[in-house]
Amino acid sequence: MDKVKEIVSEIKNGNPKPIYFLMGEEPYYIDRISQYIAQNVLTEDEKGFNQMVLYGKDTTIDDIVANAKRFPMMAQYQVVIVKEAQHLSRTIENLVSYAENPQPTTILVLCYKYKKLDKRKKLYKAIKKSGELFESKKLYDNQVADWIRRTLAGKKYKISPKSCIMLVEFLGTDLSKISNELDKLTLIVPPTTEITPELIEEHIGISKDFNNFELKKAIGERDVKKASRIIDYFAQNPKDNPFVVTVTLLNTFFTQLLQYHGLKDHSPGNVAKVLGVNPYFVNEYVVAAKNYPMKRVSGIISSLRTLDLKGKGVGASNMAQADLLKELLSEII
């Protein structure tokens, strides 16, 4: 995020690079940077003659270079944006000659999603010298909640740790999808408001009581009654609560619990650091460790792996989700 701010700041201050090669597994920042350039470098009057969008599927490196070598008309720069440039991966090295001597009045933006350049090759070295190479890395699951918090803080909103986890569990790690939902919330909720589970339930449709977060908590506390209610809800709403997501989350939880048992230092700060969790949730592991000894945790992890395979049809063809969920709860509690 800091690198994105740096790139935007340079452009805003009138110091754009002649080439922006935006690559990597996370498309969100690639889209944000290319959109910023498309919307802010040229005025509306200048865009008609000086801004062009090409698509990797429908163009060639020769076409890109030919357009990039044009001079702007009645403007300081022309902007050439190549979307889906990853489709040119077989011929992308042919851009070396242009990258070594780019047109100073052209801003060439290449959106190279889900792939990255080989650092050993000439193109990488040429762009690094003459332009901007930006790698958009996929966030780990335990980083997304912090990303949500920082994104909302930038818009003058607060969000509770539980609300962050609810969003991650329901929406996954797709930053574009999460960003869209946050935009909806911030249109409705006034700034300085804290985003709560109740607001998320009302405006995004994620149940604050029946979700994987609450199931994990209930299982950790050995609250059979509450866990059973959530399992029943999941069984009745299988599309919104896929079994694979539930079993994966619980496997992660018990794997972390196994790590917790192996720690010598059980101070909250050390537990949060080693397990990669928010300090707010450390007490859940303290409670669960009392309810599940290390040997029992190892057995649960083995059972969860077997259930994961059954959920994918291995050794249990067409087994209903309701039955899988009941077996899951039975194996754990």
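These figures come from a predicted structure and were not determined experimentally.

Engineer: Help me understand the pattern of salt bridges, please; the structure alone is not making it clear to me.
Structural biologist: Where charged atoms of side chains with opposite charge meet at close range, the side chains can pair. Enumeration according to the criterion identifies 19 salt bridges in this entry. Its salt-bridge partner being E132, residue K3 comes within 3.1 Å of it at the nearest N-O pair. Of the two residues, K3 is situated in helix α1 (residues 2–12) and E132 in strand β5 (residues 132–135); the sequence distance between them amounts to 129 residues. Classification of K3 by relative accessible area gives partly exposed; the value is 31%. Across the salt bridge formed by D118 and R120, the nearest N and O atoms sit 2.8 Å from each other. A relative accessible area of 68% means that R120 is categorised as exposed. Taken together, the shared-partner salt bridges in this structure form one network comprising K3, E6, E10, K17 and E132.

Engineer: Sorry, what's going on with the domain arrangement of the chain here?
Structural biologist: Reports of interface size often rely on the accessible area that becomes lost once the parts have come together. Assigned domains within the chain: domain 1 (15–135), domain 2 (141–204) and domain 3 (212–332). Between domain 1 and domain 2, the C-alpha centre-to-centre distance is 32 Å. In this complex, domain 1 contributes four residues to the contact, which on the side of domain 2 involves five residues. Area buried by domain 1 at its contact with domain 2 is led by E26, Y28 and Y29, which between them contribute 90% of it. The tally of links from domain 1 across to domain 2 stands at zero salt bridges. Viewed at the interface, domain 2 and domain 1 are joined by two residue pairs in polar contact (both at pLDDT 80 or more). By residue class, the composition of the side of domain 1 that touches domain 2 is two nonpolar, no polar and two charged.

Engineer: Looking at this structure, I do not really get a nonpolar patch on the surface. What am I missing?
Structural biologist: Together, F49, M73 and M74 make up a nonpolar patch on the protein surface, roughly 370 Å² of accessible area in all. With respect to the element layout, M73 can be found in the loop between α4 (61–68) and β3 (78–83). M73 gets classed as partly exposed once you look at its relative accessible area, which sits at 40%.

Engineer: Could you clarify how one ought to interpret the UniProt feature "domain: DNA polymerase III delta subunit-like C-terminal" (unreviewed entry) in the chain in this entry?
Structural biologist: Feature annotation in UniProt places "domain: DNA polymerase III delta subunit-like C-terminal" (unreviewed entry) on residues 211–313, given in this structure's numbering. Note that residues 211–313 is 76% helix and 0% strand, and that its end C-alpha atoms are spaced 24 Å apart.

Engineer: In this structure, what is going on with the packing of aromatic side chains? I would like to understand it.
Structural biologist: Aromatic ring pairs are reported here in terms of the distance separating the ring centres and the angle at which the planes meet. Applying the stated criterion to the full structure yields nine aromatic pairs. Between Y28 and Y29, the ring centres sit 5.1 Å apart and the planes meet at 75 degrees, which makes this aromatic pair edge-to-face. There is no split in this pair, since Y28 and Y29 are both buried. Seen in terms of ring centroids, F254 and Y292 are 5.4 Å apart; in terms of plane orientation they differ by 85 degrees. Their pairing is edge-to-face. Taken together, the positions of F254 in helix α13 (residues 243–262) and Y292 in the loop between α15 (282–291) and α16 (294–311) put the pair 38 residues apart, joining distant regions of the chain. Summarising the burial analysis for this pair, F254 and Y292 share the class buried. Feature note: the residues F253, F254, Y285 and Y292 constitute an aromatic cluster, connected by ring pairs. Over the aromatic face of F281 sits the side chain of K216, whose NZ or CZ is 6.0 Å from the ring centroid.

Engineer: Explain the sheet that holds strand β1 (residues 19–24) here, please?
Structural biologist: Backbone-to-backbone hydrogen bonds pair the strands of a sheet. The strands run either parallel or antiparallel. In spatial order, the strands read β2-β3-β4-β1-β5; together these five strands make up an open sheet with parallel pairing. With partners counted over all chains shown, the strands left at the sheet margins are β2 (51–55) and β5, one partner each. When strand polarity is set aside, the average angle formed by the axes of neighbouring strands in this sheet is 15 degrees. Seen against the sheet, α1 touches β1 and β5 and runs at an angle of roughly 150 degrees to β5.

Engineer: Please explain helix α14 (residues 268–275) as it appears in this structure.
Structural biologist: For the α-helix, the turn length of 3.6 residues means that residues three or four positions removed from each other point alike. Those residues of α14 that sit buried are V271, A272 and L275. Take α14 and look down its axis: the buried residues cluster within an arc of 95 degrees, on one side only. What points out from α14, more than 90 degrees from its buried face, is the exposed set G269 and K273. Against the buried residues of α14 lie α13 and α15. Taken from the residues just after α14, G276 is the one with a positive phi, measuring 70 degrees.

Thresholds, definitions, all that
Residues numbered from 1 in each chain as written. Predicted model: local features only at pLDDT ≥ 70, side-chain atom pairs only at ≥ 80, totals over all residues. Heavy atoms only, no water. Salt bridge = Lys/Arg side-chain N within 4 Å of Asp/Glu carboxyl O. Helix = DSSP H or I, 4+ residues; strand = E, 2+ residues; numbered from the N terminus. Buried < 20%, exposed > 50% of the residue type's maximum accessible area, 1.4 Å probe, protein only. Domains from an automatic or database assignment. Contact = heavy atoms within 4.5 Å. Buried area = accessible area lost by both parts, 1.4 Å probe. Polar contact = N/O pair within 3.5 Å; in protein donor to acceptor, adjacent residues only side chain to side chain. Nonpolar A, V, L, I, M, F, W, Y, C, P; charged D, E, K, R; others polar. Patch = residues over 30% accessible without salt bridge, like charges linked within 9 Å, V, L, I, M, F, W, Y side chains within 5 Å. Areas by Shrake-Rupley, 256 points an atom, 1.4 Å probe, with all protein chains shown as cover. UniProt positions renumbered as here; feature names shortened; annotations may be inferred. Phe/Tyr/Trp six-rings, centres within 6.5 Å; stacked < 30°, edge-to-face > 60°. Lys NZ or Arg CZ within 6 Å of the ring centre and 35° of its normal. Pairing = 2+ DSSP bridges. Axes fitted to C-alpha atoms, helices over the stretch in contact; angles between N-to-C directions. Arc of directions from axis to C-beta.

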